[in-house]
Amino acid sequence: MHINSRVFGEIDIDDDKIIRFEDGVIGFEEYHNYALIYDEEKRKNTKGGIMWLQCMDEPELAFPVADPLHIYPGYNPVVEDEWLAPIGEFKDVDDIFLLSILTVPSDITKVTANLKAPLIINTVTRRACQTIVNNEEYEIKYNIYDYVQSLKKKEAE
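Analysis parameters
- Throughout this description, residue numbers start from 1 for each chain and increase along the sequence as written.
- Predicted model: local features are reported for residues with pLDDT of at least 70 only, side-chain atom pairs are reported and counted for 80 or more only, and whole-chain, interface and lining totals are derived from all residues.
- Excluded from the side-chain calculations are hydrogens and water; all other atoms, namely the structure's heavy atoms, are used.
- Like-charged residues within 9 Å of one another, or nonpolar side chains (Val, Leu, Ile, Met, Phe, Trp, Tyr) within 5 Å, are grouped into patches, provided each residue has over 30% relative accessible area and no salt bridge.
- Only the protein chains shown count as cover for residues, with accessible areas throughout obtained via the Shrake-Rupley method and a probe of 1.4 Å.
- Only one rule defines a salt bridge in this text: a Lys or Arg side-chain nitrogen within 4 Å of an Asp or Glu carboxyl oxygen.
- By the counting rule applied here, Lys and Arg register as positive and Asp and Glu as negative, while His and the ends of each chain are not counted.
- Charge positions are represented by NZ for Lys, CZ for Arg, CG for Asp and CD for Glu.
- Secondary structure elements are taken from DSSP: a helix is a run of H or I of four residues or more, a strand is a run of E of two residues or more, and numbering for both begins at the N terminus.
- Here a cavity means grid points, on a 1 Å grid over the protein atoms only, where a 1.4 Å probe fits yet cannot get out; a pocket means an open set of points with protein on both sides within 12 Å along at least five of seven lines; lining residues are those with an atom within 4 Å of a point.
- Grid points are joined across faces, edges and corners, and a volume is the space filled by probe spheres set on the points.
- Charged means Asp, Glu, Lys or Arg here, nonpolar means Ala, Val, Leu, Ile, Met, Phe, Trp, Tyr, Cys or Pro, and polar covers whatever is left, Gly included.
- Within 6.5 Å between ring centres, the rings of Phe, Tyr and Trp (the latter by its six-membered ring) count as paired, and their orientation is classed by plane angle as stacked under 30 degrees, edge-to-face over 60, tilted in between.
- For every residue, the accessible area obtained with a 1.4 Å probe (protein chains only) is divided by the maximum for its type, and the residue is called buried under 20%, exposed over 50%, and partly exposed between those limits.
- Any pair of residues with heavy atoms lying within 4.5 Å of one another is described as a contacting pair.

Draft legend 1. Quick look at a negative patch on the surface. Residues E10, D12, D14, D15 and D16 make up a contiguous surface patch of negative charge. In this fold, D14 is placed in the loop between β2 (9–12) and β3 (19–21).

Draft legend 2. Spatial organisation of the layout of surface pockets. In this model, the second largest pocket occupies a volume close to 260 Å³. Lining the second largest pocket, in full, are I13, D14, K17, I19, A35, L36, I37, Y38, F97, I121, T123 and R126. Here the lining of the second largest pocket takes three residues from strand β4 (residues 33–37), the largest share from any one element. Considering only residue class, the lining of the second largest pocket consists of eight nonpolar, one polar and three charged.

Draft legend 3. Local environment of the packing of aromatic side chains. Taken as a whole, this structure holds eight aromatic pairs when the rule is applied. Taking 6.0 Å as the distance between ring centres and 85° as the angle between the ring planes, the aromatic pair formed by F8 and W52 counts as edge-to-face. Highlighted residues: F8 in the loop between β1 (2–5) and β2 and W52 in strand β5 (residues 51–55), separated in sequence by 44 residues. The class for F8 is partly exposed, based on a relative accessible area of 29%. Given a relative accessible area of 26%, W52 falls into the partly exposed group. Consider the rings of Y75 and Y138, whose centres lie 4.6 Å apart with planes at 40°: the pair is tilted. In this pair, Y75 is assigned in the loop between β6 (62–66) and α2 (81–84) and Y138 in the loop between β10 (127–130) and β11 (142–143), connecting sequence segments 63 residues apart. Y75 gets classed as buried once you look at its relative accessible area, which sits at 4%. Aromatic rings pair up to connect F21, F28, Y34 and F63 into one cluster.

Draft legend 4. Representation of the side chain of T112 in the model. Among the structural elements, T112 can be located in strand β8 (residues 112–113). T112 gets classed as buried once you look at its relative accessible area, which sits at 10%. When sequence neighbours within four positions are dropped, the list of residues in contact with T112 reads I101, L102, T103, K141, Y142, N143 and I144.

Structure representation (C-alpha cells):
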C-alpha cells in the first residue's frame, strides 16, 4: 500500500504489515487499515519508545502509541473474551501486542497514555481491536512524563 502521510510523507507499506481493526478505533470506526511505524534503531536503544499507528485509509490520521508495559510496570489488563473474538485465536500470550494511544500536548509534562482502552494486536493474524478494560486502576489519561522522570532519577542514583 502506498500513501502520502501527513506525518511521514510518501510511504510504502507491504500488505503483510497492515493491521486490520475490524471495528476501527474508538472515534474513528470508519477506518480499518493501519500500519505501525517506528524508527527501529531508536526503538532498540530506548527499550520501547514512541511509535505511530498510521491509518492507511486516511493519510491525515496517525496516532502516537507506546507499549504500556514500558510506561506502567505490571500493566495487566483484564479483557473479556468476547472483545478478543474479532482478532482471531492466539496460541500464546506472545502472539498479542498491546499499545496505548498517547496524547501529546504542547506542554511535554502533560503527555498521557490511555491505559483504560488499549489496542490489542494479534501478531499472527494481523487483526486488532481496541477495548475498554475492566481494571479500575487504569486511567484514560495516565501521565507518563512523571513516570519517565522517576526512571531518570533512579538511573542517576
